[in-house]
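# Breakdown of the fold
The chain contents come next:
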Amino acid sequence: MKYYNLGNRKQKVDFSTAVLQGIAPDKSLYFPEFIPKLRNDFICNIEKLSDDEIAYQVISPFIGDSIPPKELKEIIKSTLTFDFPLVPIEQNIFSLELFHGPTLAFKDVGARFMAHTLNYLTPLVGEKYMTVLVATSGDTGGAVANAFLEFSYIRTIIVFPKGKVSEIQEAQITSTANKDHIEAFELDGTFDTCQDFVKRAFVDEEINDFLTLTSANSINIARLLPQMFYYFLAYKQLKNKSIPIVCSVPSGNFGNLCAGLFAKEMGLPIDHFIASTNRNNTVVNYLSDGTYHPIVPSIKTISNAMDVGQPSNFVRIQELYGVNINNDEGLESLKKILSGYWFDDGQTKQSIEELYQKRQYIADPHGAIGYLGLKSFLNKQENSNKYQGIFLETAHPIKFRDDVEQIIQKKIPMPNSLKETLEDDLPRTLLWSYPQFKSYLMI
Ligand SMILES: *Cc1c(COP(=O)(O)O)cnc(C)c1O
């Protein structure tokens, strides 16, 4: 399998190069040359397969001979160390819980797969000082830091906005910075400023002469592709596979949704997808009126991991369905597959409250938006029983405990894994300027 550069289609690289670079030299994204089709009997017999086998069948055609089967199986085994339960909420509505990993968010899957993949690839290409650089609005930082903990020869640098991530998210990032190879930077600014610093570092020649940089954001295909796994694992768990399936994905940078669409194109029978967002509703607006206006700077909400007004992965979705945002090309065919709804903080809170009062289910703000998107779609159908719906519950509610506990008026039990994380005075370096950031990188 080759990956082409969306900025220059003639430029093609293999899986390893795409992963090690993270992003093409002109800063465009890599895209697979084709979406492999799975054999029908794989889908029909999915219940008989183990989670690891399913993941292997799904991802191996994307990897080609960059990683031999035995090593790829090892990587998958080290990635999928937790479950993805499909929890019934109401008749024909399920929550796909993606938060049972070490940092309690779905990003653990992509981050762990990427860390183990880089650990395999780096020695082969002889990169001297591989440095993973990542800007985070909350969940990415913790997941990436945790995934790279055991790989002490890979330097991992995380930049997060001061005071704009939740207490637990912050502790998850900074508690790993006790290790020499992981550095946490707290920037006095917004997520956009963090991303700007990281982007500048990627194009800074002096830095690139000194370090081999790669990105651990979902622009990196090694983080994006493994996110296909849990759509297949959800399908495996569905008891009645004859009712058409609709899947609602709480979206920010649109990596998770993009992976779901890849899964569909591989042959997974999901009838329809819903992009559910907060007020950072660039894509939802595009689906409704055909105009694409990125929201810059992004708007702060209680679903902070989705505070992205300029979603990086939407270009991949455009590529998949031949969509051109400058004219109406492809929009109608995209709308057959994808609907979009957005919700403000008030609606999100109300949804958390209702899910708790009526269904005794504690959702986090992101999952609550996924649920709202699903309900809005179903309510618009002439016959809402035509579908069974899945919403992705992308983080554990404890990560947003201040908001959630206030809404449901109840304490959320603290998972054991978190207790040690929440110490005081964890290490971080305060950043205020790009030159200062650069001087730390060049140490
Ligand atoms: C990152 C994140 C999202 C958004 O996922 P994208 O792939 O960026 O669209 C949603 N919910 C949670 C909890 C997240 O951490």
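Below you will find a few notes about this structure. The structure displayed is predicted, hence computed values, not measured ones.

## Points about the site of the ligand
Around the ligand, the structure places 15 residues, and the nearest of them are Lys107, Asp139, Gly252, Asn253 and Thr394. With respect to the ligand, the backbone of Gly252 contributes an N or O atom lying 2.8 Å from an oxygen atom. Measuring from an oxygen atom of the ligand, one finds a backbone N or O atom of Asn253 at 2.8 Å. Out of a free accessible area of 380 Å², the ligand has 97% covered by protein chains. Tallied by class, the residues present in the shell around the ligand amount to six nonpolar, seven polar and two charged.

## Topic: the side chain of Ser248
Its location among the elements puts Ser248 in strand β10 (residues 245-250). Residue classification places Ser248 among the buried positions, given a relative accessible area of 0%. Engagement of the side chain of Ser248 in a polar contact is seen with the side chain of Ser276, the distance being 2.8 Å. Once residues within four sequence positions are removed from consideration, Ser248 is found in contact with Ile274, Ser276, Gly370, Gly373, Leu374, Ile390, Phe391 and Leu392.

## Thoughts on the pattern of salt bridges
Using the criterion set out here, one finds 18 salt bridges in the structure. The residue Glu90 makes a salt bridge to Lys375 at a minimum N-O spacing of 2.7 Å. In this pair, Glu90 is assigned in strand β4 (residues 86-90) and Lys375 in helix α17 (residues 365-380), connecting sequence segments 285 residues apart. What makes Lys375 partly exposed here is its relative accessible area of 24%. Of the charged contacts, one joins Lys438 and Asp204 as a salt bridge, the two residues approaching to 3.1 Å between their closest N and O atoms. Of this pair, Lys438 sits in helix α20 (residues 434-441) while Asp204 sits in the loop between α8 (191-203) and α9 (205-210); the two residues are 234 residues apart in sequence, bridging distant segments of the chain. Like Lys438, the residue Asp204 is buried in the burial classification. Through salt bridges with shared partners, one network takes in Glu90, Arg359 and Lys375.

What counts and how
- Residues numbered from 1 in each chain as written.
- Predicted model: local features only at pLDDT ≥ 70, side-chain atom pairs only at ≥ 80, totals over all residues.
- Heavy atoms only, no water.
- Near = heavy atom within 4 Å.
- Polar contact = N/O pair within 3.5 Å; in protein donor to acceptor, adjacent residues only side chain to side chain.
- Areas by Shrake-Rupley, 256 points an atom, 1.4 Å probe, with all protein chains shown as cover.
- Nonpolar A, V, L, I, M, F, W, Y, C, P; charged D, E, K, R; others polar.
- Helix = DSSP H or I, 4+ residues; strand = E, 2+ residues; numbered from the N terminus.
- Buried < 20%, exposed > 50% of the residue type's maximum accessible area, 1.4 Å probe, protein only.
- Contact = heavy atoms within 4.5 Å.
- Salt bridge = Lys/Arg side-chain N within 4 Å of Asp/Glu carboxyl O.

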